[in-house]
Structure formats: C-alpha cells, structure tokens
Amino acid sequence: MAVSRVWCARAALWGSAGPPGPYVARRLQFVRSGLAWGALRSSKLHLSPKADVKSLISYVVTKTKVINGKYHRFLGRHFPRFYVLYTIFMKGLQMLWADAKKARRIKTNMWKHNIKFHQLSYREMEHLRQMQRGTHPAIHDILALRECFSNHPLGMNQLHALQMKALSRAMLLTPYLPPVLLRYRLKTHTTVIHQLDKALAKLGIGQLTAQEVKSACYLRGLNSTHIAEERCRAWLGEWLQLSCSLKEAELSLLLHNVVLLSINYIGTRR
C-alpha cells in the first residue's frame, strides 16, 4: 500500500508512472545549481569591501615591517659601524622632517590669521625658536656624503617603502602607490629636475623672472611663498651648485636635498 502511494505520487509529479525524462532532469539539475550558487553568494554577503581593503593594507604594512626589521638586523650583523651611522642619520632625518612639518603648520596659521610671533602660545614660540637655531647645511658638507646615496643604504634602488612615501610627500606627490611605482616615479621626477638644473645652469638664474624663481624653488621643495626674491635666488644657486656636481647614480642625494636644503633655511621669515 505504501509503495503504491509513493508510485502514484511520483506519477502525479512527473505526469507518468515512469522516471523523469531528460528535459526534466536537466531542469532539475539547473535549479539545484542555481540554489547552490545562491547559497554560496549569500554566505559571502556579510563581507565588506572596506574590510577587505583594510585587511590588505594591514597585511602589506606588517610584511613591510618584517622586511625592514630583517634588513636592519642584516646591517647590524655585517656592518655594525655603518649601521650605527645609518640609524642615527635616519632617526635624525625623521625627527627633522616632523619638526619642519609642525613649524610649517604654525607659520601657515600665522599667515592665514595675521598672527604675530608674540601672540603664539609658549610651545609654538619655543618650537619656532628651536627650529630657527638649527644650522643650514653647507654644500660641501652634503657632497661629502654622496657615496652613501649611490649604493646601500640610501641609493635610489635601496630605499624602503616608508622612505619613499616620506620623500613623495616632501615632493608633493601622492604616497599611496605600490613601492614599485613609488620608486619609478621618484626616479623619473628626480631625473627631470636634474635635467632642468643643467639647463637652468646654462641659462643663468639672473635670466629668470621673480615668479619663475619662486616656481623653481617650490618645485625643488622650498616653500617660497614668504621668502624674499633675493633669498630665493641665493637658495636656488646653492641647489644648482649641488645638483650639477652629482652623477646619475647619485640622484638619491638630490632627492633627499628636498629635505636637507629646505630645513632651517635662513631666508624663511617669521
């Protein structure tokens, strides 16, 4: 009795007492596949694209820190004396850059709101005072370090991702690119500036208008907005003296001069 009921139910479902035909079987298979795909998609609906991007960024940052740590340990083991100098230089450069950014923010706020030096807070006045006491490096002192910028550790092909990001910001370029593209763009940008420097040295700074001088300084990392024209010309002359002394393999030094020559420049007004 039970078997006959099952058979009758199947007959009612398929329209006959026999098994389903090929067409019906294919339709059933298609429906099963659709249901399975729908279940798979619904299981992934809770994932957020933003969460995926954050996870990827976190992974890249972690890997970069690991590689950077291995590189530092390699230098410490095989080149201990050089590693000490390298560490001091990099920490000093990072601190100098951070102090310069803070001083620039203070001066920009002074200019926008017409604030005088004596109207600043104690900490702001002290920060500017300490920055102005810093020494502006001489060209011969910078050129004495040229070998460090042609190979390890500060050569263009040896720069780490964090260094390239910081230098990109100094050059007013976006740092949000993969390391390969950051390196390529910094190389290209620095090469173009080096070529412009050679052409400008042939022309002579005296042939430039006041606006051209300001633009040339700004391109090379000096905020010339509040610097007198004669000071800008003097600074540009120092830059050209250094740039025209460098070979193509030493262009990393020219790139770092965006920071080294711009910080504590005496022509900057209060």
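Structure's up top.
Residues numbered from 1 in each chain as written. Predicted model: local features only at pLDDT ≥ 70, side-chain atom pairs only at ≥ 80, totals over all residues. Heavy atoms only, no water.

Draft legend 1. Region of interest: the overall build of the protein. Counting secondary structure elements, the protein contains eleven helices and zero strands. The order of helices and strands in the protein, counted from the N terminus, is α-α-α-α-α-α-α-α-α-α-α. Counting every position in the protein, which comprises 270 residues, the buried fraction comes to 29%. In the protein, 61% of the contacts between residues at least 6 apart in sequence involve partners at least 24 apart. Split by element, the accessible area of the protein, about 18,100 Å² in all, is 62% carbon and sulfur. (Helix = DSSP H or I, 4+ residues; strand = E, 2+ residues; numbered from the N terminus. Buried < 20%, exposed > 50% of the residue type's maximum accessible area, 1.4 Å probe, protein only. Contact = heavy atoms within 4.5 Å. Areas by Shrake-Rupley, 256 points an atom, 1.4 Å probe, with all protein chains shown as cover.)

Draft legend 2. A look at the nonpolar core. Counting 39 residues, the largest nonpolar core has Cys217, Leu236, Trp239, Leu242 and Leu255 as the members making the most contacts within it. Elements with a contribution of two residues or more to this core: helix H6 (139-143), helix H7 (161-170), helix H8 (179-203), helix H9 (210-219), helix H10 (229-243) and helix H11 (251-260). Residue contributions to this core peak at seven residues, all from H11. With residues near it in sequence (within four places) discarded, leucine 255 still touches Met156, Leu159, Leu167, Met171, Leu186 and Thr190. (Core = buried A, V, L, I, M, F, W, Y, C linked by side-chain atoms within 4.5 Å.)

Draft legend 3. Spatial organisation of H8. Its 25 residues give H8 an end-to-end C-alpha distance of 36 Å, which sits within 8% of 36 Å, the value for a rise of 1.5 Å per residue. All of the buried residues along H8 are Leu182, Arg185, Leu186, Thr190, Ile193, His194, Asp197 and Leu200. Where H8 is buried, its residues meet H7, H9, H10 and H11. Glycine 204 occupies a position one or two residues after H8 and carries a positive phi of about 100°. (Expected span 1.5 Å × (residues − 1).)

Draft legend 4. Structural view of the packing of H9 against H10. Across the interface, H9 lies against H10 with an axial gap of 9 Å and an inter-helix angle of 50°. The angle between H9 and H10 falls in the class oblique. Handedness of the H9/H10 crossing: left-handed. Together, Ala210, Val213, Lys214, Ala216 and Cys217 of H9 and Glu229, Cys232, Arg233, Trp235 and Leu236 of H10 make up the contact between the two elements. For the contact of H9 with H10, the class distribution of residues is seven nonpolar, no polar and three charged. (Axes fitted to C-alpha atoms, helices over the stretch in contact; angles between N-to-C directions. Parallel < 35°, antiparallel > 145°, perpendicular 65-115°, else oblique. Left-handed = near helix turned anticlockwise from the far one by under 90°. Nonpolar A, V, L, I, M, F, W, Y, C, P; charged D, E, K, R; others polar.)

Draft legend 5. Spotlight on the pattern of salt bridges. This structure, assessed with the given rule, holds three salt bridges. The residue arginine 146 makes a salt bridge to glutamate 250 at a minimum N-O spacing of 2.9 Å. One end of the pair, arginine 146, is in the loop between H6 and H7; the other, glutamate 250, is in the loop between H10 and H11, and 104 residues separate them in sequence. Of the residues examined, glutamate 250 reaches a relative accessible area of 11% and is grouped as buried. Of the charged contacts, one joins arginine 220 and aspartate 197 as a salt bridge, the two residues approaching to 2.7 Å between their closest N and O atoms. Of this pair, arginine 220 sits in the loop between H9 and H10 while aspartate 197 sits in helix H8, placing them 23 residues apart in sequence. By relative accessible area, which is 0% here, aspartate 197 ends up buried. (Salt bridge = Lys/Arg side-chain N within 4 Å of Asp/Glu carboxyl O.)

Draft legend 6. Representation of the packing of H8 against H11 in the model. Where H8 contacts H11, the two axes come as close as 10 Å, and the packing angle between them is 90°. The angle between H8 and H11 falls in the class roughly perpendicular. Within the contact between the two elements, H8 uses Leu186, Thr190, Thr191, His194 and Asp197 and H11 uses Leu251, Leu254 and Leu255. Residues that form the contact of H8 with H11 fall into these classes: four nonpolar, three polar and one charged.

Draft legend 7. Representation of the state of the cysteines. For the structure shown, the criterion picks out zero disulfides. Residue cysteine 232 stays outside any disulfide, its sulfur separated by 4.4 Å from that of cysteine 217, the closest cysteine. Looking at cysteine 232, the relative accessible area reads 0%, which means it is buried. (Disulfide = S-S within 2.5 Å.)

Draft legend 8. Quick peek at the environment of glycine 155. Examined against the element boundaries, glycine 155 turns out to sit in the loop between H6 and H7. Exposure remark for glycine 155: the relative accessible area of 0% places this residue in the buried category. It is 8.1 Å that separates the C-alpha atoms of glycine 155 and leucine 251, two residues lying 96 residues apart in sequence. When residues no more than four places from it in sequence are discounted, the contact partners of glycine 155 are Cys148, Phe149, Ser150 and Ser252.

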